[in-house]
Amino acid sequence: MRLRNIPEARDVIAATELVIKEAEKYKGHWQDFWENDKPLHIEVGMGKGQFMMGMAAAHPEINYIGIEMYSSVLLRAIQKLEKDPLPNLRFLQIDAKDIEEYFEEGEVNKLYLNFSDPWPKDRHAKRRLPSRQFLARFGHIIKKDSVIEFKTDNRGLFDFAVEEVEPAGWEILEITYDLHHDEKMNAGNIMTEYEEKFSAKGNPIYKYIIRQK
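Reading the values: the criteria
Residues numbered from 1 in each chain as written. Predicted model: local features only at pLDDT ≥ 70, side-chain atom pairs only at ≥ 80, totals over all residues. Heavy atoms only, no water. Pairing = 2+ DSSP bridges. Helix = DSSP H or I, 4+ residues; strand = E, 2+ residues; numbered from the N terminus. Axes fitted to C-alpha atoms, helices over the stretch in contact; angles between N-to-C directions. Contact = heavy atoms within 4.5 Å. Buried < 20%, exposed > 50% of the residue type's maximum accessible area, 1.4 Å probe, protein only. Arc of directions from axis to C-beta. Phe/Tyr/Trp six-rings, centres within 6.5 Å; stacked < 30°, edge-to-face > 60°. Lys NZ or Arg CZ within 6 Å of the ring centre and 35° of its normal.

Chemist: What exactly am I supposed to notice about the sheet that holds strand β6 (residues 170-176) here?
Modeler: Strand-to-strand pairing in sheets goes through backbone hydrogen bonds, with the strands running parallel or antiparallel. Taking strand neighbours across the sheet as the criterion, the seven strands line up as β3-β2-β1-β4-β5-β7-β6 in an open arrangement whose pairing is mixed. The open sheet has two edge strands, β3 (89-92) and β6, and neither has a second partner. Sheet twist, expressed as the mean angle between neighbouring strand axes with direction ignored, is 20°. Two elements, β6 and strand β7 (residues 206-212), share six bridges in a ladder whose sense is antiparallel. Across the sheet, the residue bridging to Thr176 is Lys207, located in β7. Helix α6 (residues 155-165) contacts β5 (142-152), β6 and β7 of the sheet and is inclined by roughly 20° relative to β7.

Chemist: Explain α6 here, please?
Modeler: Owing to its 3.6 residues per turn, the α-helix aligns residues three or four sequence positions apart on the same side. Within α6 the residues assigned to the buried category are Leu157, Phe158, Phe160, Ala161, Glu164 and Val165. The buried side chains of α6 occupy one side of the element, clustering within an arc of 160° when seen end-on. On its buried face, α6 is in contact with α5 (132-141), β5, β6 and β7.

Chemist: Even after reading the chapter, I still don't get the packing of aromatic side chains, so can you show me in this structure?
Modeler: Where two aromatic rings form a pair, the distance of their centres and the angle of their planes describe that pair. For the structure on display, the rule yields 15 aromatic pairs. Centroid distance Phe134 to Phe138: 5.8 Å. Interplanar angle 35°. Geometry classified as tilted. On the criterion of helical spacing, the pair formed by Phe134 and Phe138 is a turn pair, its members being four residues apart in helix α5. Residue class for Phe138 comes out buried when judged on its relative accessible area of 0%. Each ring, one from Phe158 and one from Tyr206, has its centre 5.5 Å from the other, and the planes form 25°; the classification is stacked. Here the residue Phe158 occupies a position in helix α6, and Tyr206 occupies one in strand β7, the gap between them amounting to 48 residues. Considered together, Phe158 and Tyr206 belong to a single accessibility category, that of buried residues. A network of ring pairs unites the aromatic residues Tyr26, Trp30, Phe33, Trp34 and Phe103 as a single cluster. In this structure, Arg128 is placed above the aromatic ring of Phe160, and the distance from its NZ or CZ to the ring centre is 4.5 Å. The ring of Phe134 has Arg137 sitting right over it, with the charged end atom 4.6 Å from the ring centre.

Here it is in structure tokens:
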């Protein structure tokens, strides 16, 4: 994915309170950051933030953290949240491979992966967010009876993700190969920017919900 560099992005990120600073100090007690004990849901690789904003608006009883590594993309999410503030949503700029440095074991109630980078070359398979390597990381921070929801329009990535579930020690609870025509799984679905774009072209959206065994 080619990203356009936006020079002012880093300055905006450094100045805004919408991006959590020194986040590692909240590891194990994120309730201190939020000043409440609501459940914590996170999205890894949130892009421009449309999904997270929709979720946070629909569920004020839940705290949300959107994780995004790229400054130019995170800037767009910040701009959206500045226009429509939500007290239960904040952002975190980190590399997903370091996620265990910021969340304690069993601290996250739910995790979302949406339209993740497919890293198409075989040698980059371990960089894919639904890989067994990342599922191991996510498995440490998520509560044992909680779930990961993953959706994508990339059939190759989805097939890979499905194959990784069992070897990683997880199980599939729900799966669909055409989300928008699956009445059960599409109930309450909030679309990402990519989802709107690809579904408008007639592309099917794939989704699974998994849980650790």
